[in-house]
Amino acid sequence: MSDGGIYASLGVRRIINAYGTNTRLSGGMMAPEVVAAMAAAARACVEMHDLQAAASRAIAEATGAEAGIVTSGAAAALLLGAAACMARLDPGAMNRLPDATGLPDEFIVVRSQRNMYDRALRAAGGRIIEVGIPDRLSGPGVRDASAGEVAEAITPRTAAVFHLAGEGAEPTLPEVARIAHARGVPVLVDAAAQLPPVGNLRRFLDQGADLVCFSGGKAIGGPQASGILAGRRDLVSSAMAQMLDLDLPEAQFVAPPEFAALNQMRFLPHHGIGRAGKAGKEEIVGLIVALRHFAAEDPAARTARWTARLDAVRDAVPGAALVPDGAKPGLPLLELRFADRAAAERAEAALRARDPAVHLDASRIRRGVLAVNPIALDDADLPLLAAALRECCG
Ligand SMILES: *Cc1c(COP(=O)(O)O)cnc(C)c1O
């Protein structure tokens, strides 16, 4: 509630975001130290490769990766990761993307993992090669893609195997990594929303990912327009070269040690394909501070902080129950069960019609369930939220 003022002055209604860190609801909220760091960053200039080198050190510490960069989001990180897998350290290829003629440009994707964020692979110039028949999901069978089907799809035209991180992914990431690495092919992992648990910052890299993408604006609590690409130094360096503004005399550019692989390039590329996903100094600094905070906070303390928000509103709705989020260990939700889907839809619409509008997690509304997600809530809004729930769901 603290700063609805700026939005009011723009004629924009603020909302109470009890849905989660969804992009259309403007992500989450940043801790005061992240806001302060961004404001401080805005008051001095630096050379961007020096700042990305500092980000790389912070990302390496938090994830165990060899190197990392901050992008404008996980989607931009995916685009840059794909560009890196295709162009590697070839500046001519960097200049040509998204024309990937002559490059390995195929991304093998398990059909059940297809999603519209994988457009980033195509936006970089890649082509998606689907494998597997996920009939365990459509009902009539018990299988998804097999390790053998992924292996068979790998050819000299393969740029990478793409993997969408998530519980129940088949084949598993360790299996995919084993197959891909046996053929000298990298694995690019979309883990944008796979936090918490904090252990996932390291887990996918430990399981063999060569590159992994995270959103900065989801549970990490960084700027809404920030993301992380972390992994192998040569690939991250390629991604860095394709996002940096390298509009300077070639002799002036000296790659920092974090991106030492760039010194192998035959010449300096121009603005790369990642220019459309650049992160500013404010985002980079904000992400570094948020990531350190997220990695350092005791997970039990974080869960307690989130639980306290839900406890403050749970009495508003008889029968409301605290439940763990199935996919995100450590994240509690306050679940509201309605008689049927229509009743849940009426309550959801009534909450959105208020001022400020209240948005609940409606991902299970088909089953008559709404939930309060605490991540993006402001403590100062809890009394307003409780009153809204009491009126619309009580
Ligand atoms: C949110 C999300 C993205 C995009 O992340 P941004 O940081 O908003 O760019 C990509 N992939 C998945 C699976 C996501 O959930």
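Residues numbered from 1 in each chain as written. Predicted model: local features only at pLDDT ≥ 70, side-chain atom pairs only at ≥ 80, totals over all residues. Heavy atoms only, no water.

S.K.: With reference to specific residues and values, describe the overall build of the chain.
M.R.: Counting secondary structure elements, the chain contains 15 helices and twelve strands. Rg of the C-alpha trace for the chain: 22 Å, near the compact-globule value of 21 Å for 394 residues, within the 12% margin. Summarising its shape, the C-alpha atoms of the chain cover approximately 65 × 60 × 35 Å along the three principal directions. Counting over 394 residues, the chain shows a buried share of 54%. (Helix = DSSP H or I, 4+ residues; strand = E, 2+ residues; numbered from the N terminus. Rg over C-alpha atoms; globule rule 2.2 N^0.38 Å. Buried < 20%, exposed > 50% of the residue type's maximum accessible area, 1.4 Å probe, protein only.)

S.K.: Any details on the packing of aromatic side chains? Residues and values, ideally.
M.R.: By convention here, two paired aromatic rings are described through the distance between centres and the angle between planes. Taken as a whole, this structure holds zero aromatic pairs when the rule is applied. The ring of phenylalanine 294 carries arginine 302 above its face, with NZ or CZ at 4.1 Å from the centroid. (Phe/Tyr/Trp six-rings, centres within 6.5 Å; stacked < 30°, edge-to-face > 60°. Lys NZ or Arg CZ within 6 Å of the ring centre and 35° of its normal.)

S.K.: So what's going on with the site of the ligand? Residues and values would help.
M.R.: The environment of the ligand is made up of Thr23, Gly73, Ala74, Ala75, Tyr117, Leu164, Asp190, Ala192, Ala193, Ser215 and Lys218. Separating a nitrogen atom of the ligand from a side-chain N or O atom of aspartate 190 is a distance of 2.7 Å. Protein coverage of the free-state accessible area of the ligand, which is 390 Å², stands at 82%. The residue makeup of the shell around the ligand, split by class, is six nonpolar, three polar and two charged. (Near = heavy atom within 4 Å. Polar contact = N/O pair within 3.5 Å; in protein donor to acceptor, adjacent residues only side chain to side chain. Areas by Shrake-Rupley, 256 points an atom, 1.4 Å probe, with all protein chains shown as cover. Nonpolar A, V, L, I, M, F, W, Y, C, P; charged D, E, K, R; others polar.)

S.K.: How would you sum up the sheet that holds strand S9 (residues 321-324)? Please name residues and give values.
M.R.: Read from one edge to the other, the open sheet built from three strands follows the order S9-S10-S12, with strand pairing classed as antiparallel. Looking at strand neighbours, the two that pair on one side only are S9 and strand S12 (369-372), the edges of this open sheet. Each strand of the sheet is rotated relative to its neighbour by a mean of 40 degrees, with strand direction disregarded. Both S9 and strand S10 (residues 332-337) contribute to a ladder of four bridges, which runs antiparallel. Residue pairing for S10: leucine 322 is matched across the bridge by leucine 334. (Pairing = 2+ DSSP bridges. Axes fitted to C-alpha atoms, helices over the stretch in contact; angles between N-to-C directions.)

S.K.: Lay out the environment of phenylalanine 107 in plain terms, naming residues and giving numbers.
M.R.: Residue placement: phenylalanine 107 occurs in strand S3 (residues 106-110). Residue phenylalanine 107 is classed as buried on the basis of its relative accessible area of 0%. Sequence spacing of phenylalanine 107 and valine 70 is 37 residues, and the spatial spacing of their C-alpha atoms is 23 Å.

S.K.: Hey, could you go over the pattern of salt bridges for me, with residue numbers and the actual values?
M.R.: Tallying each qualifying case throughout the model produces 25 salt bridges. Here arginine 111 and glutamate 130 are joined by a salt bridge, their closest N and O atoms 2.8 Å apart. With arginine 111 in the loop between S3 and helix H6 (119-123) and glutamate 130 in strand S4 (residues 127-131), this pair connects stretches of sequence that are 19 residues apart. Among the salt bridges present, the one from glutamate 391 reaches arginine 354, with a minimum N-O distance of 3.0 Å. Taken together, the residues span a long stretch of sequence, with glutamate 391 in helix H15 (residues 382-393) and arginine 354 in the loop between helix H14 (341-352) and strand S11 (357-360) at a distance of 37 residues. Each of Asp105, Glu106, Arg127 and Arg157 takes part in one network of salt bridges that share partners. (Salt bridge = Lys/Arg side-chain N within 4 Å of Asp/Glu carboxyl O.)

S.K.: Hey, could you go over helix H3 (residues 48-63) for me, with residue numbers and the actual values?
M.R.: For H3, with 16 residues, the first-to-last C-alpha span of 22 Å sits near the 22 Å given by 1.5 Å per residue. Every buried residue of H3 is accounted for by His49, Leu51, Gln52, Ala53, Ala55, Ser56, Ala58, Ile59, Ala62 and Thr63. In this structure, the buried side of H3 is in contact with strand S2 (67-71), helix H10 (200-206), strand S8 (227-231), helix H11 (233-243) and helix H12 (281-296). Phi turns positive, to about 80 degrees, at glycine 64, one or two residues after H3. (Expected span 1.5 Å × (residues − 1). Contact = heavy atoms within 4.5 Å.)

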